[in-house]
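Residues per chain, in single letters:
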Amino acid sequence: MQNDSIKKVAILGRPNVGKSSLFNRLARQRDAITSDVSGTTRDIKKRIVTISENRDFKVLDTGGIDYSSELFSKVADFSLKAAEEADIILYMVDGKSIPDAEDKQLFYRLQQLGKPLALIVNKIDNDKEEERYWEFVEFGAEYIFPMSVSHNRYFNNFYKWLEGHIPPRVENEIDLIQDDDPSDLALESLLEIEERYEEEDDKEIKVAIIGRVNAGKSSLLNALLKEERSVVSDVAGTTIDPIDETIEYNDYKITFVDTAGIRRRGKIVGIEKYALGRTEAMLEEADIALVILDASEKISELDERIAGITEKFKLGTIIVLNKWDARGEKSYEEAVQEVRDELKFLHFAPILTISALTGQRVHKLLDNIVAIYQRYSQRIPTSKLNEVLQKAMRRHHVPSHHGAVVRIKFATQYETKPPKIALIVNKPEFLHFSYKRYLANAFRDAFDLEGVSLDIVARKRGERMEE
């Protein structure tokens, strides 16, 4: 291939996002100066690069686009001019930072050039940064690639895309057809991430004990700790402040918080209102909630409201029927049916009958807490998730909306604790809630998710994952 026909690939972006590091990685040598100081690269560096099947191209490392000074403004103008002369443009952003309005404006400006353009989200070094990758889909880029240049991670799909635009070096050049669907490349990027991803072994569990006043929360905490830690009495509202206690069980560190009893809303006054605020603040930090119900009484509207707090914070949940020894003639089947009828939204939560006073079955709580936490923090491989999705869609097709075809392209878990699954859909607003519920049940059947709140959202490609 002659040099006058060689493809030019320009790397653009704001200062200190890793452009020179990518240039060095492609050139396979440390050429451009890389540092944490913004604006290190001021002129345009060029290098002929060869990738698979003798594909040659010229990579251009431009200065950071920054208009904060006269010098940087001139560098920025040179960088944008390089983009106009290039055949392919790579726009790089810092994955450790939140999306910037200026970055979006620059990216949209580059889109108007009508050239092959990819958004590179750099510095995706670990799981937390991996989640930040989803914040950049709001750019609406047709092709977006998460990567870590410094760690040489997640390059495969980027190279695949690049190869689709750079012909191999042959006597009779043959134009390559770009036949990859954007959603397929996005899915493959996620699969690659998961292949290299190693789940951190988190052994610390935060457990909230919630329930209305005098349901036996403090008695249960004392039974679990085998000592008098909270003040226990028959006077409602004895415990005001949340109290933390930590034990070790089966190599896990379990921290219990004995929350203040929650009264009927109209009766919350003074210091107990403050305690309710503290309780909700604590629940934001909790992993698992033990919802304590009094088996000797009927489930009340207040019990339902309190249990609803776990749904608000999407916690792992165990329903604990306390005072089982004082239940009277009520059978286990009747008690379970009452709970299922009144707390339908906690259909996924296991029910355990105990007596904190006598210690009956209290020991089973610890095993349940550990098991649910393992499910709560699990990461389901995207490949497995999509196998289940495809089977579910073959069994029951996605319903159309007034003739509009609704297509689910793929699913991916983008967060843990709790598991959050995104369905990438062509028309997310038309995906019926009943079909999402159907898919949620399919995922529950396929993966062990007892006791875990599963959050499923439908998103269009390029739409930001909401917090």
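Residues numbered from 1 in each chain as written. Predicted model: local features only at pLDDT ≥ 70, side-chain atom pairs only at ≥ 80, totals over all residues. Heavy atoms only, no water.

Undergrad: I keep staring at the overall build of the protein chain and nothing clicks. Help me out?
TA: Counting its regular elements, the protein chain contains 13 helices and 15 strands. Counting every position in the protein chain, which comprises 467 residues, the buried fraction comes to 53%. Restricting to contacts in the protein chain with at least 6 residues of sequence separation, those with at least 24 account for 70%. Summing over all exposed atoms, the protein chain offers an accessible surface of approximately 22900 Å²; the carbon and sulfur share of this is 45%. (Helix = DSSP H or I, 4+ residues; strand = E, 2+ residues; numbered from the N terminus. Buried < 20%, exposed > 50% of the residue type's maximum accessible area, 1.4 Å probe, protein only. Contact = heavy atoms within 4.5 Å. Areas by Shrake-Rupley, 256 points an atom, 1.4 Å probe, with all protein chains shown as cover.)

Undergrad: I would appreciate a short explanation of helix H11 (residues 363-376) in the present structure.
TA: An α-helix turns once per 3.6 residues; consequently, residues spaced three or four apart project the same way. Taking 1.5 Å of rise per residue, the 14 residues of H11 would be expected to cover 20 Å, and the 21 Å separating its terminal C-alpha atoms lies within 8% of that figure. Buried within H11 are the following residues: Leu365, Leu366, Ile369, Val370, Ile372, Tyr373, Arg375 and Tyr376. (Expected span 1.5 Å × (residues − 1).)

Undergrad: Before we go on, may I ask you to explain helix H7 (residues 217-225) in this structure?
TA: Most of H7 is tucked away, with seven of its nine residues classed as buried. Of all the positions in H7, only Lys217, Ser218, Leu220, Leu221, Asn222, Leu224 and Leu225 are classed as buried. A positive phi of about 60 degrees marks lysine 226, the residue just after H7.

Undergrad: Would you take a moment to explain the sheet that holds strand E5 (residues 117-122) for this structure?
TA: In a beta sheet, neighbouring strands are held together by backbone hydrogen bonds and run either parallel or antiparallel to one another. The mixed open sheet is built from six strands, whose spatial order is E2-E3-E1-E4-E5-E6. Lying at the two open borders of the sheet, with one neighbouring strand each, are strand E2 (45-51) and strand E6 (144-146). On average, adjacent strands in this sheet sit at an angle of 25 degrees to one another, irrespective of strand direction. Across five bridges, the pairing between strand E1 (residues 7-13) and strand E3 (residues 55-61) is parallel. Bridge pairing links isoleucine 11 to aspartate 61 in E3. Relative to strand E4 (residues 88-94), helix H5 (residues 156-163) is tilted by about 160 degrees, and along the sheet it contacts E1, E2, E3, E4, E5 and E6. (Pairing = 2+ DSSP bridges. Axes fitted to C-alpha atoms, helices over the stretch in contact; angles between N-to-C directions.)

Undergrad: So what exactly am I meant to see when it comes to the sheet that holds strand E15 (residues 455-459) here?
TA: Strands sit in the order E13-E14-E15 across an open sheet of three strands; the sheet is mixed. Each edge of the open sheet is held by one strand with a lone partner, namely strand E13 (408-415) and E15. Adjacent strand axes in the sheet meet at a mean angle of 25 degrees, parallel and antiparallel pairs treated alike. As paired strands, E13 and strand E14 (residues 420-425) are joined by six bridges and run antiparallel to one another. Each bridged residue has a counterpart across the sheet, and for isoleucine 408 the counterpart in E14 is valine 425. Across the sheet, helix H12 (residues 382-395) touches E13 and E14, and the angle it forms with E13 is around 140 degrees. Against the sheet, helix H13 (residues 433-446) makes contact with E13, E14 and E15, and its axis sits at roughly 130 degrees relative to E15, the strand it touches most.

Undergrad: Looking at this structure, how should I read the packing of aromatic side chains?
TA: Aromatic ring pairs: the centre-centre distance and the angle between the two ring planes describe each pair. Within the structure shown, the criterion is met by twelve aromatic pairs. Where tyrosine 143 meets tryptophan 161, the ring centres are 6.0 Å apart and the plane angle is 45 degrees; that geometry is what we call tilted. On the criterion of sequence distance, the pair formed by tyrosine 143 in the loop between helix H4 (127-132) and E6 and tryptophan 161 in helix H5 is long-range, its members being 18 residues apart. Under the relative-accessibility criterion, tryptophan 161 is labelled buried at 1%. With a centroid separation of 6.0 Å and an interplanar angle of 50 degrees, the aromatic rings of phenylalanine 145 and tryptophan 161 are classed as tilted. Of this pair, phenylalanine 145 sits in strand E6 while tryptophan 161 sits in helix H5; the two residues are 16 residues apart in sequence, bridging distant segments of the chain. Tryptophan 161 matches phenylalanine 145 in its accessibility class, with the two residues each being buried. Aromatic rings pair up to connect Tyr143, Phe145, Phe155, Phe158, Tyr159 and Trp161 into one cluster. (Phe/Tyr/Trp six-rings, centres within 6.5 Å; stacked < 30°, edge-to-face > 60°.)

Undergrad: How should I be thinking about unusual backbone geometry in this particular structure?
TA: Glycine aside, negative phi is the norm for most residues, and most peptide bonds take the trans geometry. In the segment running from lysine 417 into proline 418, the intervening peptide bond is cis, with an omega of 5 degrees. Topologically, proline 418 is positioned in the loop between E13 and E14. Positive phi values are uncommon outside glycine, yet tyrosine 154 reaches one of about 65 degrees. The exposure class of tyrosine 154 is buried, given its relative accessible area of 3%. Backbone geometry places lysine 314, a non-glycine residue, at a positive phi of 55 degrees. Counting through the fold element by element, lysine 314 comes out in the loop between helix H9 (301-313) and strand E11 (316-322).

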